[in-house]
2 protein chains.
Amino acid sequence: MTRIAVFASGRGSNFEALVAAERAGVFPGEIVLLLSDQPNAGALEIAAAHDIEGRVIETAKRRGRIDPDSEALYVEACRGAGVEWICLAGFMRIIGQPLLSAFTDRIVNIHPSLLPSFPGLDAQRQAWEYGVRVSGCTVHLVDAGMDTGPIILQQAVSVMEGESAGQLASRILAQEHKAYPEALRRVLTGAWHREGRRINFQKTEGESA
Amino acid sequence: MTRIAVFASGRGSNFEALVAAERAGVFPGEIVLLLSDQPNAGALEIAAAHDIEGRVIETAKRRGRIDPDSEALYVEACRGAGVEWICLAGFMRIIGQPLLSAFTDRIVNIHPSLLPSFPGLDAQRQAWEYGVRVSGCTVHLVDAGMDTGPIILQQAVSVMEGESAGQLASRILAQEHKAYPEALRRVLTGAWHREGRRINFQKTEGESA
């Protein structure tokens, strides 16, 4: 069983979906640690409710990157818990070199758009305002850029006639809750390799599109 | 019946799909004119085979924009044929002010990616090399930018494990042949209006997602 840490800044709905999927055996991993930069993150309560160790590691800056000293504490906490993979789930910080070097190609993020369209904040509203007819979500490996890493899985979501940006965001979120566990299943099960920025999976039984 | 001109530079597979859909009554329009900047375009033969007037209007420049004198001839040809809407189908020229002013919000283009991802040339290969898991095609109104106009319809196409860029392009093309007539049906049937760069359709009977 691969030991996994989740980083979350907010209410933790994707974290909760990952925990539920783990308990249902969707992917061969165990979520052993929840780290947050926000003492009031709802994700901490979800961790407590599921007997998962939750810790707050605050950072010197209010937003953006983690300061290097704090980032070293994140690395330490993960190593101390025997963590092999990290899942970002609404973690509102840009990951820097300390974590990227310690967990190269083993940090995963989910983003609420079909990247490379609409990186950054408020992606669902960006898409809605652009007037796309198809948006969705993207699970990707994290690199030094903002939402630029190699893509593991994308799920398309059609924009409904007349819906608000908020309604679109809710429907994308529902797909995120399925896509994230499925993406973990893919990278933790069977063989894959990177070819440039493309991820090639060897076909496995039970693969769904 | 709305009178439609198609502009094509190449073999004309989207033109042919539009003609077939017109004959099948998919959209309430009549394709009355095919204009090409390339004397050897296969689209001209398709026009001839379907008794559609085909004309070549060459342009001074080898690629990019149409020179203004030639663009005036395009406008004239369309006006002379009583054309109300223009469909670009593999027309390898950037449309300029003469056509945009004469046919504001009545020029349509199809692009082989989910815009705003991968505008410009060789979009299918761009998407394949980026490693997206979902690409597709976009039918949009033409504005002064490169593949930036308001979106009418998008169709997602999943990238298959192990397929080449060429295989992906073929599968997207098959969807283009369905999406383009359907997009025309939407703008020629029932009411719609622009709100910023979003197109809002009033719901009509028989609407498919």
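Rules used throughout
Numbers given to residues run from 1 along each chain, matching the order in which its sequence is written. Labels follow written order: the first chain is A, the first ligand is 1, and so on. Restriction of local features to residues with pLDDT of at least 70 applies here, the model being predicted, together with a cutoff of 80 or more for giving and counting side-chain atom pairs; totals for whole chains, interfaces and linings are based on all residues. Excluding hydrogens and water, the side-chain values take into account all heavy atoms of the structure. Note on geometry: axes are lines fitted to C-alpha atoms, helical ones only across the stretch in contact, with angles between N-to-C directions running from 0 to 180 degrees. Secondary structure elements are taken from DSSP: a helix is a run of H or I of four residues or more, a strand is a run of E of two residues or more, and numbering for both begins at the N terminus. Every angle not falling under 35 degrees, over 145, or within 65 to 115 is termed oblique; those three ranges are roughly parallel, roughly antiparallel and roughly perpendicular. Note on convention: near helix rotated counterclockwise from far helix by under a right angle means a left-handed crossing. Clockwise means right-handed. Contacts between residues were defined by any pair of non-hydrogen atoms, one from each residue, lying within 4.5 Å. What counts as buried area is the accessible surface, traced by a 1.4 Å probe, that two parts surrender upon association, with contributions from both included. Whenever a carboxyl oxygen of Asp or Glu lies within 4 Å of a side-chain nitrogen of Lys or Arg, that contact is scored as a salt bridge. A 3.5 Å cut-off defines polar contacts: any pair of N or O atoms within that distance qualifies, except that in protein one atom must be a possible hydrogen donor and the other a possible acceptor, and neighbouring residues in sequence count only when both atoms are side-chain atoms. Amino acids outside the nonpolar list (Ala, Val, Leu, Ile, Met, Phe, Trp, Tyr, Cys, Pro) and the charged list (Asp, Glu, Lys, Arg) are all regarded as polar, and Gly is one of them. At least two bridges found by DSSP between two strands is the condition for calling them paired. Partly exposed residues are those whose accessible area sits between 20% and 50% of the maximum for their type, while under 20% is buried and over 50% is exposed, using a 1.4 Å probe and protein chains only.

Participant: I would appreciate a short explanation of the packing of helix α1 (residues 13–23) of chain A against helix α6 (residues 165–188) of chain A in the present structure.
Facilitator: In a pair of packed helices, the angle between the axes and the distance between the axes together describe the arrangement. Residue and element names in this part refer to chain A. Viewed as axis vectors pointing N to C, α1 and α6 meet at an angle of 50°, and their least axial separation amounts to 9 Å. Here α1 lies oblique to α6, going by the angle between them. Seen from above, α1 lies across α6 with right-handed handedness. On the side of α1, the interface is formed by S13, N14, A17, L18 and A21, while α6 contributes L173, E176, H177, Y180, P181 and L184.

Participant: Is there a simple way to think about the interface of chain A and chain B in this case?
Facilitator: When the parts of a complex come together, some accessible area is lost, and that lost area is often used as the size of the interface. Every contact between the two is made by 27 residues of chain A and, on the other side, 27 residues of chain B. Buried surface at the junction of chain A and chain B, both sides included, amounts to about 2500 Å², of which 51% is carbon and sulfur. Where chain A packs against chain B, one counts 0 salt bridges. Taken together, the connections running from chain A to chain B amount to 13 residue pairs in polar contact (both at pLDDT 80 or more). When contributions to the side of chain A that touches chain B are tallied by element, the ones reaching two or more residues are α5 (123–130), β9 (151–158) and β11 (198–201) of chain A. Class assignment for the residues of the side of chain A that touches chain B results in 14 nonpolar, 5 polar and 8 charged.

Participant: I would appreciate a short explanation of the packing of helix α5 (residues 123–130) of chain B against helix α6 (residues 165–188) of chain B in the present structure.
Facilitator: All names here are of chain B. Packing of α5 against α6 leaves a shortest axis separation of 9 Å and a crossing angle of 125°. With respect to each other, α5 and α6 are oriented oblique. In this structure, α5 crosses over α6, and the sense of that crossing is right-handed. Across from Q124, R125 and W128 in α5, the residues of α6 making contact are A165, L168, A169 and I172.

Participant: Got a minute to help me understand the sheet that holds strand β2 (residues 29–36) of chain B in this structure?
Facilitator: Each strand in a sheet pairs with another by means of backbone hydrogen bonds, the pair being arranged parallel or else antiparallel. All names here are of chain B. The strand order across the open sheet built from 7 strands is β3-β2-β1-β5-β7-β8-β9, with neighbouring strands paired in mixed fashion. Pairing within the sheet leaves two strands with one partner each, and these edge strands are β3 (53–56) and β9 (151–158). When the angles between neighbouring strand axes are averaged without regard to direction, this sheet yields 20°. As paired elements, strand β5 (residues 85–88) and strand β7 (residues 107–111) share 3 bridges and run parallel to each other. Within β7, the position partnered with I86 by the bridge is I107.

Participant: Help me understand the pairing of strand β11 (residues 198–201) of chain B in this model?
Facilitator: Residues and elements named next belong to chain B. Taking every second residue as pointing to the same face, both faces of β11 are buried, with R198 and N200 on one and I199 and F201 on the other. When strand β10 (residues 192–195) meets β11, the two strands line up antiparallel, connected through 4 bridges. Directly across from W192, in β11, lies its bridge partner F201. Two successive antiparallel strands, β10 and β11, enclose a turn made up of 2 residues, where G196 displays a positive phi of approximately 65°.

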